[in-house]
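Coordinates in review
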Amino acid sequence: QVQLVESGGGLVQPGGSLRLSCAASGSSFRLYATAWYRQAPGKQRELVAGITQSGNTNYSDSVKGRFTISGDTAKNTVYLQMNSLKPEDTAVYYCNLAPSLGLASRGYWGQGTQVTVSS
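A short tour of the structure in this document, coming up. (Residues numbered from 1 in each chain as written. Predicted model: local features only at pLDDT ≥ 70, side-chain atom pairs only at ≥ 80, totals over all residues. Heavy atoms only, no water.)

1. Considering the overall build of the protein
The condition is simple: We count a stretch as a helix when DSSP gives it H or I for four or more residues in a row; a strand needs E for two or more, and each element gets its number in order from the N terminus. Radius of gyration: C-alpha atoms only; globule rule: 2.2 Å multiplied by the number of residues to the exponent 0.38.
Looking only at helices and strands, the protein features 0 helices and 11 strands. Each helix (α) and strand (β) of the protein, taken in turn from the N terminus, gives the series β-β-β-β-β-β-β-β-β-β-β. A compact globule built from 119 residues would reach a C-alpha radius of gyration of about 14 Å, and the protein, at 13 Å, matches this within 12%. On the principal axes, the C-alpha backbone points of the protein span a range of 40 × 30 × 25 Å.

2. Comments concerning the packing of aromatic side chains
What counts here: Pairs were defined over the aromatic rings of Phe, Tyr and Trp, the Trp ring being its six-membered one, requiring ring centres within 6.5 Å. Orientation was assigned from the angle between planes: stacked under 30 degrees, edge-to-face over 60, tilted for the rest. Throughout this description, buried means an accessible area under 20% of the type-specific maximum (1.4 Å probe, protein chains only), exposed means over 50%, and partly exposed covers the range between. Comment: the charge-over-ring label is applied if NZ (Lys) or CZ (Arg) is within 6 Å of the ring centre and within 35 degrees of the ring normal.
By the definition in use, this model includes 3 aromatic pairs. Here the aromatic rings of Tyr 94 and Trp 109 are separated by 6.4 Å at their centres, their planes lie at 85°, and the arrangement is edge-to-face. Taken together, the residues span a long stretch of sequence, with Tyr 94 in strand S9 (residues 91-98) and Trp 109 in strand S10 (residues 108-109) at a distance of 15 residues. The class for Trp 109 is partly exposed, based on a relative accessible area of 31%. Three or more aromatic residues joined by ring pairs form one cluster here, namely Tyr 37, Tyr 94 and Trp 109. Over the ring of Tyr 94 we find Arg 45, and its NZ or CZ is 3.8 Å from the ring centre. One cation-aromatic arrangement involves Arg 45 over Trp 109; the distance from NZ or CZ to the ring centre is 4.6 Å.

3. Remarks on unusual backbone geometry
The phi torsion at Asn 76 lies on the positive side, around 50°, for a residue other than glycine. Assignment of secondary structure puts Asn 76 in the loop between strand S7 (67-72) and strand S8 (77-82). Judged by its relative accessible area of 14%, Asn 76 falls in the buried class. Positive phi outside glycine occurs at Ser 84, with the angle close to 50°. Along the chain, Ser 84 turns up in the loop between S8 and S9.

4. Structural notes on the pairing of S9
Condition: Pairing between two strands requires that DSSP report at least two bridges joining them.
Among the 8 residues in S9, 8 count as buried, and that is most of the element. The pairing of strand S4 (residues 33-39) with S9 spans 7 bridges and is classified as antiparallel. Paired with Tyr 37 across the strands is Tyr 94, a residue of S9. Two strands pair when backbone bridges link them, and S9 and strand S11 (residues 113-117) are joined in this way by 3 bridges, in the antiparallel orientation. Within S11, the residue paired with Tyr 93 across the bridge is Thr 113.

What is shown is where atoms sit, not what they do.
Right under this line is the structure:
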């Protein structure tokens, strides 16, 4: 059974940066497509960034150029570096490991970490 624990969220001013971490246990994240999703109040959960088993990355247009997804095999941890944060980035961020980026519902989810961008 794969377990995911996110951390690194918090309150940050517009223009600031945060790095989210997703620590995996039970299996190597490299065996899965790994993604970060977010859900803002009253909105559907959306894909923010993903990386396939072969290392191909995918970003939503709203974060392209500002966010970077990466992984550390030794720590079995996936990261989301978020720069130039905007108030519209405020959401609960979730880590997901799945057979592919399009099959998140068949994968594993973390508990989420709150990111609030506000002055």
